[in-house]
Each structure stands twice: as C-alpha cells, then as structure tokens.
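# Observations on chain architecture
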Amino acid sequence: MTIAFVHNNKAFLPELDAYSRFFSGYNITCEIVDKNDLGLLHRHVEWWIMGADLTKPKEGIYKIHEYNSSSIPPWRRWKNWWKSFFSAQPDFRLFLNDYVKKAINLHDHIPFGYRDMGIPEQWLLADPFLHEREYDFVYTGDISPIRQPEALLNCFSTGALKHKTLLVISTGYEQLQATYGNYENIIFMGPLPYSSIDAYIIKARFAINYVPDKEPFNQQTSVRLLEYAALGVPIITSRYAWVERFQQQYGGNFFYLEPNLSNFTWEQVNNLSYSKPDVESFTWEQQIRRSGVLEFLESKFPELSFS
C-alpha cells in the first residue's frame, strides 16, 4: 500500500516525517510529492496538506485533506472560502483544531478528525545539561515577512543583545541574510533534515517562540514551542492566546516578551526561573492515533490493523 503526501514545499512540515515513521512501521510506503508529480505515482491514498486540491477524484484512490492551519493575511477569509468552495471533495478531513475547522467553514457530511502538532518521542529523553552551549539563543521555523522577523533580529544586530549569538534555523532567508550578514553573531542555517534539528536546538541556552499576536497565528499550536519544551530548553515567547491557554493546561514557566521587545535583555531573561511544561501527551504517535484517520483507513482497507 502506498500513501502519497502532497504539498507545495513552502512550509516546515514535521508531520510528514512523523507520518512516514509511523506508517512505515505497518509496511505502508509513504511518498512525499508535489502535486505536479502526483500523476506519475501509483498510490492508494492521496493525503493533501492543504492548500487547495483542484484534481478530479480517481476511482480506487482515497483522498484525505489535512488543514494544519488557516489561511494567512492578506485576504485570509477570502482564501479560506476559495479553498473550501473550489477544492475537490475528499473522503476524510483532518483539522489542526476547532479554530481551523471553523475558519475553513465547510458545510457537508464528510467525516473528519483533529490532529494537533506533536513531538518525536525520543526528544523527551534529551538532557540539555549534557550538551555544550554553542549558541545563546535559537529560533526555528518560519521567518516570512508577515511575521516581521526584523524586529527580533534587530535585537541582535544593533540592540541589547548585539553581543549574544542567535542561531536561525529556517528556509528562504536569503534576503534577511543579505541584510544581517555582516553581524557574525546572527547565524542562518538550513534547510535541515527534521531528524537533525534537535541536535542544534539543544545547544542553545534559550529558545525563542516569536509569533505575531494576530489571527490565525495566535490561535494555532506552536510546534516549535512543543519541541523546545520536549528538549528542556528554556523558552522565550511572545504572549498570545494559544500559548497562554497551553501554559494554563500543561504548566511550565516561560519568559514573555513585551510587544516592543523592550524587556528582551540578557539580564532579564536570566533572572527568570524557567520550568518545563508537561508535553508527554504530545508525541506524534499519540496525536496520529487520536485523530480518527487510522479508523478511516481501516474502514477502506480491511487488511490494515493499527491496534
């Protein structure tokens, strides 16, 4: 059996690595393809990371649509409507959470489930105190213009942290690298295989979760914060709705940045007593098993058993 995971190569998608690891344990082949190459692949399931899916259904091939985020500005509501109106009808849908489901605003009777973001189980065993600190701070993930990363980077170029090192693990950072390339304390790295990112995160004294306090970002799970927490690296974060709800439910003590970053100084981040939230229920396997997608696959392929 073959599952084709279809996406546009524009985003960090640690879930693809997680899915491949999980399903390979059941002798299921996982292929990650661009939509333009999909027709060349023999597959039993098309698993679309949405985006939009404008392809026609094919007999004997089941479609899963996964919405791991809502559309981003500008015109995010219009883009969500466009996706829901023009995309092909799948056989099953996955949503990150109820916020994303409501934002996509679909009105039909297609079965669905929720699959939150997760962490590799082995990361929970990491001990950051056994690793030499090569960097003062690390930031991983998206640095597209809508997140306004310059405000953060300016703290390390000309601001209060200009004598501290920042490791940025991302993609598509060429323009930022050209702007900040003369600052030796700002190191851009990537893209990296997901399997090696933890080895760099754990070498930092602090990990930064820098998220705009506006929709949809402030309502969606930060996989980076989950990863930092799993590895036991002290977390510095923007203050926004999702992270506050997460802290209330799972504990932990984080350094909250002021909106203008005025409190982002070496003295202040070192004065806080940090603690790790309880993220043991966030392993990728648990998230996949709770989502309902395995029951869907078993109903279409009786030879499968994920129990």
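For the structure itself, consult the block above.
To keep things clear, this report deals only with the structure shown in the data block. (Residues numbered from 1 in each chain as written. Predicted model: local features only at pLDDT ≥ 70, side-chain atom pairs only at ≥ 80, totals over all residues. Heavy atoms only, no water.)

### With respect to the sheet that holds strand 5 (residues 92-95)
Quick note on the threshold: The pairing criterion for strands is at least two bridges between them, as found by DSSP. Starting at the N terminus, helices and strands are each numbered in turn, a helix being any DSSP run of H or I of at least four residues and a strand any DSSP run of E of at least two. To obtain each axis, a line is fitted to C-alpha atoms, and for helices this fit is confined to the stretch in contact; angles are then taken between N-to-C directions over 0 to 180 degrees. Any two residues whose heavy atoms approach within 4.5 Å are treated as being in contact.
Taken in spatial order, the six strands of this open sheet run 2-1-3-4-5-6, and their pairing is parallel. Either end of the sheet is taken by a strand with one partner, and the two such strands are strand 2 (29-33) and strand 6 (112-114). With direction set aside, neighbouring strand axes in the sheet form an average angle of 20 degrees. As paired strands, strand 5 and strand 6 are joined by three bridges and run parallel to one another. Each residue of the ladder has a partner; that of arginine 93, found in strand 6, is phenylalanine 112. Each of strand 1 (2-6), strand 2, strand 3 (45-49), strand 4 (62-67) and strand 5 touches helix 1 (residues 14-24); the most contacted strand, strand 2, lies at about 160 degrees to it. Docked against the sheet, helix 11 (residues 293-300) engages strand 3, strand 4 and strand 5, running at close to 175 degrees with respect to strand 4.

### Focus on the pairing of strand 5
Test applied: Buried means the residue's accessible area, taken with a 1.4 Å probe over protein chains only, is under 20% of the maximum for its type, while exposed means over 50%, and partly exposed covers the values in between. Think of it like this: strands point away, you trace from the first strand over the helix to the second, and a clockwise trace means the crossover is right-handed.
Both faces of strand 5 are covered, namely the face carrying Phe92 and Leu94 and the face carrying Arg93 and Phe95. Viewed along the sheet, the connection from strand 5 through helix 3 (residues 98-104) into strand 6 turns out right-handed.

### Digging into the packing of aromatic side chains
For clarity, the threshold we go by: Pairing of aromatic rings covers Phe, Tyr and Trp, the last counted by its six-membered ring, and requires centre-to-centre distances within 6.5 Å; plane angles under 30 degrees mean stacked, over 60 mean edge-to-face, and any other angle means tilted. We call a charge positioned over a ring when the NZ of a Lys or the CZ of an Arg lies within 6 Å of the ring centre and within 35 degrees of the ring normal.
Applying the stated criterion across every chain yields a total of 31 aromatic pairs. A centroid spacing of 5.3 Å and a plane angle of 10 degrees characterise the contact between phenylalanine 5 and tyrosine 19, whose relative ring orientation is stacked. Of this pair, phenylalanine 5 sits in strand 1 while tyrosine 19 sits in helix 1, placing them 14 residues apart in sequence. Residue classification places tyrosine 19 among the buried residues on the basis of a relative accessible area of 1%. For the pair phenylalanine 92 and phenylalanine 296, a centre-to-centre distance of 5.1 Å together with 25 degrees between the ring planes defines the contact as stacked. In this pair, phenylalanine 92 is assigned in strand 5 and phenylalanine 296 in helix 11, connecting sequence segments 204 residues apart. For the pair formed by phenylalanine 92 and phenylalanine 296, the shared burial category is buried. Every member of this aromatic cluster is reached through a ring pair, and the members are Phe5, Tyr19, Phe22, Phe23, Tyr26, Trp47 and Phe306. A cation sits over an aromatic face here: arginine 239 above tyrosine 256, 3.9 Å from the ring centre.

### Topic: unusual backbone geometry
With an omega of -15 degrees, the peptide bond running from methionine 50 to glycine 51 counts as cis. Tracing the chain through its elements places glycine 51 in the loop between strand 3 and strand 4. Cis geometry marks the peptide bond from glycine 190 to proline 191; its omega dihedral reads 0 degrees. Position of proline 191 among the secondary structure elements: in the loop between strand 9 (186-189) and helix 6 (194-201). The phi torsion at glutamine 148 lies on the positive side, around 50 degrees, for a residue other than glycine.

### A word on the pairing of strand 7 (residues 135-140)
Within a regular strand, side chains alternate between the sheet's two faces. Taken across its six residues, strand 7 has six buried, putting it largely inside the fold. As paired strands, strand 7 and strand 10 (residues 204-209) are joined by four bridges and run parallel to one another. Of the residues in strand 10, the one forming a bridge with tyrosine 135 is alanine 204. Inspection of the sheet shows strand 7 paired to strand 8 (residues 166-169) by four bridges, in the parallel sense. When the sheet's bridge partners are listed, phenylalanine 137 is paired in strand 8 with leucine 166. Chirality of the crossover, the property in question, places the unit of strand 7, helix 4 (residues 149-157) and strand 8 among those that are right-handed.

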